Amino acid sequence: MKSEQTRQRIVNIVTVVAFLSSFALAFYLYKLGIFNDDNVLKSTVEAHPVFGPLLMIGLQIIQVVVPVVPAGILCASAVLIFGPIWGFIYNYIGIVLGSLILFHMGRQYGKPFVMTFVPEKTYNKYLSKVDKGKKFDWFFFWMIFAPVAPDDALVLIASQTRMTYKFFTFSIVIGKIFGVGLYSLAWTFGLEWLKNFL
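Note that the structure is predicted; figures quoted are calculated from it, not measured.

A. Representation of the overall build of the protein within the structure. Helix and strand content of the protein: eight helices and zero strands. Its helices and strands in sequence order give the protein the pattern α-α-α-α-α-α-α-α, from N to C terminus. Summing over all exposed atoms, the protein offers an accessible surface of approximately 11,300 Å²; the carbon and sulfur share of this is 69%.

B. Region of interest: the confidence of the model for the protein. Mean pLDDT over the protein stands at 75; residues scoring 70 or higher make up 62%. Put simply, helix α1 (residues 2-32) is where the protein has its lowest mean pLDDT, 60, and helix α7 (residues 151-158) is where it has its highest, 88.

C. Quick peek at a nonpolar patch on the surface. There is a patch of nonpolar side chains on the surface, built from Trp 138, Trp 142, Phe 170, Val 173, Ile 174 and Ile 177 and spanning about 570 Å² of accessible area. Listing elements by their share of the nonpolar patch, those giving two or more residues are α6 (134-145) and α8 (165-197). The dominant element in the nonpolar patch, judged by the number of residues it contributes, is α8, at four residues.

D. Seen up close, the pattern of salt bridges. Enumeration over the complete set of coordinates arrives at one salt bridge. The salt bridge partner of Lys 176 is Asp 151, with a shortest N-O separation of 2.2 Å. Placement of the pair is Lys 176 in helix α8 and Asp 151 in helix α7, with a sequence separation of 25 residues.

E. Expanded view of the nonpolar core. Among the nonpolar cores identified, the biggest contains 36 residues, and Val 118, Phe 140, Val 155, Leu 156, Met 163, Phe 168 and Ile 172 are the most heavily contacted of them. Counting only elements with at least two residues in this core, the list comes to α3 (52-65), α4 (72-117), α5 (120-130), α6, α7 and α8. Considering each element in turn, this core owes the most residues, 13 residues, to α4. Beyond its immediate stretch of four places on either side in the chain, Met 163 contacts Phe 103, Arg 107, Phe 136, Asp 137, Phe 140, Ala 158 and Phe 168.

About the thresholds
Residues numbered from 1 in each chain as written. Predicted model: local features only at pLDDT ≥ 70, side-chain atom pairs only at ≥ 80, totals over all residues. Heavy atoms only, no water. Helix = DSSP H or I, 4+ residues; strand = E, 2+ residues; numbered from the N terminus. Areas by Shrake-Rupley, 256 points an atom, 1.4 Å probe, with all protein chains shown as cover. pLDDT = per-residue confidence, 0-100. Patch = residues over 30% accessible without salt bridge, like charges linked within 9 Å, V, L, I, M, F, W, Y side chains within 5 Å. Salt bridge = Lys/Arg side-chain N within 4 Å of Asp/Glu carboxyl O. Core = buried A, V, L, I, M, F, W, Y, C linked by side-chain atoms within 4.5 Å. Buried < 20%, exposed > 50% of the residue type's maximum accessible area, 1.4 Å probe, protein only. Contact = heavy atoms within 4.5 Å.

Shown next, in the form of structure tokens:
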């Protein structure tokens, strides 16, 4: 029993430190201009050719775990810098890992943590579906599959249900392929169209 309590305390400390570190790093990168200027992001990644992919994956993890960071510029920049295939892969890996971390944190710290990031209107909108057990699980799966759903909010709300880690992981791993892939393709074709138009 004592070893279990010690293990849980260590997990809690590591989780809190990781979360606070993500906030601190996000703030630092914001001050550098990485999150609102794709030229800064591109020059930063290109300056580190070996660690560039890891940096991009790490940034995607941060933007999921710290929902105040905009995701659009990172997804677009990954496609711009690495091309549509590798850009998709790095976006996908980072978003999947970030979603798993966010789900765990929501489950670990409960509703007060969730309500810190999820608007009350959004929370109440999906709350009626939470009590439907397996029906909510599949509703969650299809919403994650859709590229327009409020993914981070849904992940946090799902963390307050009886959804298993296994089903959540399945939903994110499968569902994000379509959403992230479609987003990457949209940016690829959008940029090509813009080049031709200009």
